[in-house]
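Below are the chains, spelled out letter by letter.
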Amino acid sequence: MSILLVVCGLLAPKASAQSSVVTPEKYFGFIPGSDYMLFNYEELINYFMEIDKASPMLKMIEIGQSPMGKKMYIAFISSEKNIKNLDRLREINKVLALEPDLTAKEQADYIKEGRVFVLATLSMHSTEVAPSQSAPLIAHELITTDDPLVKRYLEDVVYMIVPNHNPDGMDLVVENYKKYKGTQYEGASLPGVYHKYVGHDNNRDFVSLTQEDTRAISRIYSLDWFPQVAVEKHQMGSTGIRYFVPPSHDPIAENVDAELWAWMGVFGTNMLRDLTNEGLAGVGQKQIFDDYWPGGTSTSSWKNVISMLTEAASVKEATPLYIEPGELQASGKGLAEYEKSVSFPLPWKGGWWRLGDIVKLEIGSTFSIIKTASLLKNDILKFRNDLCRREVEKGKTEPPYYYVVPAEQADQSELISLAALMTEHGVNSFRLSGNYTLDGINLKEGDIVYPLAQPFRAFIKEVMEKQEFPVRHYSTGGAMIRPYDITSWSLPLHRGLLSHEIKTRDLDFEKLLQPLTGTYNPLASEYKLPAVFPATSNGSFKAAFIALQKGLRVSRLSKETKADGKVYGRGSFVIQGGDEALLNSIVKESLTTPGSAVQVSGIPLTDVTMPRVALVETYFSDMDGGWTRYLFDTYKLPYTVIHPDEFEKTDFTKEYDVIIFPSSGKAVLMNGKPGTEGSAYMSNYHPDYQKGMGKKGFEKLLLFINNGGRVISWGQSTDLFAGMLEITDGEKKEEFVLPFTNIAEQAQKEGLLIPGSWVRMTVKQDHPLTYGMPAETGIFYRGQPLFATSVPRFDMDRRVIGVFPDDDLIISGFGENEEKIADKAAMLWLRKGKGQIVLYGFNPQFRASTPATYKLLFNALFLPPVE
Ligand SMILES: [Zn+2]
């Protein structure tokens, strides 16, 4: 390889320009990590830009934008030679990651020429400030050090640092900290989410990739740079171990390669050793966090990256905390007592805990990772290519061999978005060029095929199959290790798409596979009005929302109708008007093929209008509210955010048609206090934000309902409407109980546990709430609430819209004693006076990752008035 020679020829003495690099202390006016001191995102990036200008060892590359429009970067830090040679090194990364057929000689040459790329993404959770605050110190130290060892590490390693993963959140949190600094309320939590939409849930977005910042980060390891090692830097609570390093606790994701787990252990154990050597106490591993669901950037472990997490004990942003020794405790899995143990050899004894202490751990762990990557450079690079080869080989020798997603689907918009998502994940997609029968299934020309014989095999398998939780126990015959988080994420299931897992390898079938390059787009460019959009497609609702706002006439079919050669179900949208250019732009956005130039005369239609929607969002890091905003923005559905403490002064009847309550605790909604009714407690928010709707605000809501308003509520917020309710209208006082109860508590006492699984629900057909829905669907369910109805009195009524079947309940994920939910209601329609309430026991839009149930929410917005 001639390139090797060229590279060797570039070896040059280190430039002494490093001395002109401004120190963090001089730049920021304080040493990062000092008590009470924080810089914001712009200051952080500007400092890195300064180093970029001053040093040939650091290069900033823009990778995208945050949801609020801030530029995001990777800072590449390495030897001058490596930085100059980044393009070539990136090519080598790509070959090692994606090329399964290198000869031994080729592999050896690439390993020799290649470098280990270590990706670090910092402070995605914005209150976990220390990793980003440490970044300038780490960068400065790396490029100015005289330590020959560190210099040597940087010849082997390219350290890729995303100085902050969540720029919007960083600025919100730093600004909030400064606002209260020096006051009684120093350290008060930020009211709202620390992100445009999703706040702390941003580490739950790496399968669905809904957010711009998530996509920017995911592209680094899926499409652009193929680092071999990745670490995501976090903080946790204040009273446990000081620093968590890999590996995690059981259970682990079963599709991830065996050797990859061992590699995480190598890096983690070296961190434990190096930090202990520096005298830093309180480091532990194999505890608290399991790796069953590698959320966050750890999804890259399904893409063959040695992908890890560190977690430091928190202070109050930059305000030190004093921890009494008696307050220190073991919690979660893996450490039963806060005592010296093999996975926690040097317990921290308590006392003052400062931002600067965390910064020391961040610096120490970073240098340790770089050192390990350097010492084991050749092994790591070889492992990456061996693993690529191994995964491709498994895809040829172990079933399943292919996932096929038929082109013919009830919801075309979800098919198109799934295809785009898989491409964004770096998966190779194919289309079937002829009809073929395999495993007894008739596959059709045009179907999308994901063969498993590709480097990201583990990822494809993980997201295309249904999940089965790996049951493990703490000891033989001992307690089971219960799930830490959700247990289902199957993309086709959660999207309501049909897909086939094919367990037979067939070379003739493979001859029919044509690479799908570019975007999968089966839509024509020209359609004519009037157009009919099928109720089965989520995109049709988007088309209706846009058309209504653009002033077009939008109606729904009152009965099943044949148009343009196809049958359209009840509730399908008919759009009429004169502007065909507008129609065609709507089709593009809706990702849905409409019936074109349909004959509408004689077809029974019901016109719809755009409801005026209020979306209730609390100040309490309301991620579910944020996800709902995200969904509505994506579907072009206008809404007004209203906080519970604004209820009293709001004239609901005049201003709104629909009030939406995402999942939030009743105590928070009513009183602005977390906890449960009767045992609510004060939180870390400024008192201005510890306010709820109060009795008066809630009565206004009930009056709005009684007068014909609509309320949509899911999850915990449904508790608002259970039990004795009271309306005072002038002199008139009315007490009533809506005809339902939440029976989840009893079921849980009897052992029900569903931590977040895909559960079967039977759907009431031919109801305006279920237009476009199949007779049976999966819902994303977490075991509560669970409804029972009763015979209503007076001016009330109820219908069960969704009910759990009597067996075969769990489709994907974990369930324990799940028979407790059999035949119980999961979704209700209630009437009180002229008003309507729709209650969901599940989140219909859970983390914008359950499109199969979006229609149950969208239909509620178009509910016709009660007779
Ligand atoms: Zn975190």
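What you are looking at is a predicted structure, and each value in this text was computed from that prediction instead of being measured.

Undergrad: Would you explain the sheet that holds strand S5 (residues 229-236) in this entry?
TA: Two pairing modes exist for strands in a sheet, parallel and antiparallel, and in both the strands are linked by backbone hydrogen bonds. As summarised here, the arrangement of the 8 strands in space is S1-S2-S4-S3-S5-S10-S6-S8, forming an open sheet in which the pairing is mixed. The open sheet has two edge strands, strand S1 (58-65) and strand S8 (283-284), and neither has a second partner. The sheet strands contacting helix H5 (residues 86-98) are S1, strand S2 (71-77), strand S3 (116-122) and strand S4 (157-162), and the helix crosses S3 at an angle near 95°. Across the sheet, helix H7 (residues 130-144) touches S1, S2, S3, S4 and S5, and the angle it forms with S5 is around 135°.

Undergrad: It is not clear to me how the pattern of salt bridges should be interpreted in this structure. Could you clarify?
TA: Pairing between side chains of opposite charge can happen when their charged atoms approach one another. For the coordinates displayed, the defined rule picks out 46 salt bridges. A salt bridge links Asp797 to Arg799, with the nearest nitrogen and oxygen atoms 3.1 Å apart. Taking relative accessible area as the criterion, Arg799 reaches 34% and is therefore assigned partly exposed. A cluster of three or more residues bridged by salt bridges with shared partners is formed by Asp201, Arg204, Asp485 and Arg847.

Undergrad: Help me understand helix H19 (residues 580-590), please; the structure alone is not making it clear to me.
TA: Because each turn of an α-helix spans 3.6 residues, side chains separated by three or four positions in sequence point in the same direction. Among all positions of H19, only Leu582, Leu583, Asn584, Ile586, Val587 and Ser590 are buried. The inward-facing, buried residues of H19 abut helix H14 (412-424), strand S20 (531-533) and helix H18 (538-549). Between a side-chain oxygen at the N-terminus of H19 and the backbone nitrogen of Ala581 the separation is 3.3 Å; the capping residue is Asp579. Leu591 lies just past H19 and shows a positive phi near 55°.

Undergrad: I tried to follow helix H13 (residues 377-397) on my own but got confused; where do I start?
TA: For H13, which comprises 21 residues, the first-to-last C-alpha distance of 30 Å matches the rise-based estimate of 30 Å (1.5 Å per residue) to within 8%. Of all the positions in H13, only Lys377, Ile380, Leu381, Phe383, Arg384, Asn385, Leu387, Cys388, Glu391, Val392 and Gly395 are classed as buried.

Undergrad: I would appreciate a short explanation of the sheet that holds strand S18 (residues 500-502) in the present structure.
TA: Pairing is antiparallel in the open sheet, where 5 strands are placed in the order S18-S13-S17-S14-S19. Because the sheet does not close on itself, it has two edges, and the strands there are S18 and strand S19 (513-515). Looking at each pair of strands side by side, their axes are set apart by 35° on average, direction ignored. Relative to the sheet, H14 contacts strand S13 (402-405) and strand S17 (448-451), its axis offset from that of S17 by approximately 30°.

Undergrad: Just checking my understanding: could you explain the side chain of Lys673 for this structure?
TA: Tracing the backbone through its elements, the reader meets Lys673 in the loop between helix H22 (666-671) and strand S29 (675-676). One buried charged residue, Lys673, forms no salt bridge at all, with the nearest opposite charge on Asp645 at 11 Å. Of the polar contacts made by the side chain of Lys673, one reaches the backbone oxygen of Gln690; its length is 2.9 Å. In contact with Lys673, not counting residues within four places along its chain, are Phe620, Ala667, Val668, Ala680, Tyr681, Met682 and Gln690.

Undergrad: Explain the nonpolar core here, please?
TA: Nonpolar side chains tend toward joint burial in soluble globular proteins. In terms of nonpolar packing, the biggest core is built from 222 residues, with Phe267, Tyr450, Tyr840 and Phe858 touching the most fellow members. Setting aside chain neighbours within four positions, we find Phe267 in contact with Val229, Ile306, Met308, Ile369, Thr372, Ala373 and Ile380. Core analysis: the next-biggest nonpolar cluster, separate from the first, contains 31 residues, Ile642, Ile705, Leu738 and Leu839 among them.

Undergrad: What is the right way to read the coordination of the zinc ion from this model?
TA: Note on metal sites: the ideal angle is 109.5 degrees for four tetrahedral donors, and 90 or 180 degrees for six octahedral donors. Coordination sphere of the zinc ion, protein contribution only: His125 (ND1), Glu128 (OE), Glu128 (OE) and His234 (ND1), at 2.0 to 2.5 Å. For the zinc ion, the 4 donor atoms in the first shell make angles of 55 to 150° at the metal, so the coordination geometry reads as irregular. Overall, His234 belongs to the buried group, its relative accessible area being 2%.

Undergrad: Before we go on, may I ask you to explain the packing of aromatic side chains in this structure?
TA: Each aromatic ring pair is characterised by the separation of its centres together with the angle its planes make. Enumeration according to the criterion identifies 48 aromatic pairs in this entry. With a centroid separation of 5.9 Å and an interplanar angle of 40°, the aromatic rings of Trp263 and Phe383 are classed as tilted. Placement of the pair is Trp263 in helix H11 (residues 258-277) and Phe383 in helix H13, with a sequence separation of 120 residues. For the residue pair Trp263 and Phe383, the accessibility class agrees, reading buried in each case. Members of the aromatic cluster, joined through ring pairs, are Phe541, Phe545, Phe573, Tyr635, Tyr854, Phe858 and Phe862. Seen from the ring of Trp225, Arg90 lies directly overhead, with NZ or CZ sitting 4.3 Å from the centre. One cation-aromatic arrangement involves Lys832 over Phe736; the distance from NZ or CZ to the ring centre is 4.8 Å.

Undergrad: Before we go on, may I ask you to explain the layout of surface pockets in this structure?
TA: The method is simple in principle: a probe with the dimensions of a water molecule rolls over the atoms, and the space it marks as empty is what remains. By volume, the largest pocket is sized at about 1,100 Å³. Every residue lining the largest pocket is counted, 37 residues in all, and those nearest its centre are Ser663, Ser664, Gly665, Gln716 and Gln784. Those elements that place two or more of their residues in the lining of the largest pocket are helix H20 (623-634), H22, S29, helix H24 (744-749) and strand S36 (776-781). Looking at side-chain class alone, the lining of the largest pocket contains 11 nonpolar, 16 polar and 10 charged residues. Taken together, 30 residues line the second largest pocket, and the ones lying closest to its centre are Arg215, Ser417, Leu591, Tyr630 and Thr634. Elements represented by at least two residues in the lining of the second largest pocket include exactly helix H10 (212-224), H14, H18, H19 and H20. Among the elements that line the lining of the second largest pocket, the one with the most residues is H14, at 7 residues.

Rules of the game
Residues numbered from 1 in each chain as written. Predicted model: local features only at pLDDT ≥ 70, side-chain atom pairs only at ≥ 80, totals over all residues. Heavy atoms only, no water. Pairing = 2+ DSSP bridges. Helix = DSSP H or I, 4+ residues; strand = E, 2+ residues; numbered from the N terminus. Contact = heavy atoms within 4.5 Å. Axes fitted to C-alpha atoms, helices over the stretch in contact; angles between N-to-C directions. Salt bridge = Lys/Arg side-chain N within 4 Å of Asp/Glu carboxyl O. Buried < 20%, exposed > 50% of the residue type's maximum accessible area, 1.4 Å probe, protein only. Polar contact = N/O pair within 3.5 Å; in protein donor to acceptor, adjacent residues only side chain to side chain. Expected span 1.5 Å × (residues − 1). Lys, Arg positive; Asp, Glu negative; His and termini not counted. Core = buried A, V, L, I, M, F, W, Y, C linked by side-chain atoms within 4.5 Å. Donors = N, O, S within 2.8 Å, 3.2 Å for Na, K, Ca; no water. Tetrahedral: all angles 85-135°; square planar, octahedral: opposite > 155°, others 65-115°. Phe/Tyr/Trp six-rings, centres within 6.5 Å; stacked < 30°, edge-to-face > 60°. Lys NZ or Arg CZ within 6 Å of the ring centre and 35° of its normal. 1 Å grid on protein atoms, 1.4 Å probe; cavity = no way out; pocket = protein on both sides within 12 Å on 5 of 7 lines; lining within 4 Å. Points joined across faces, edges and corners; volume = space filled by probe spheres on them. Nonpolar A, V, L, I, M, F, W, Y, C, P; charged D, E, K, R; others polar.

Honestly, it's all geometry; don't read function into it.
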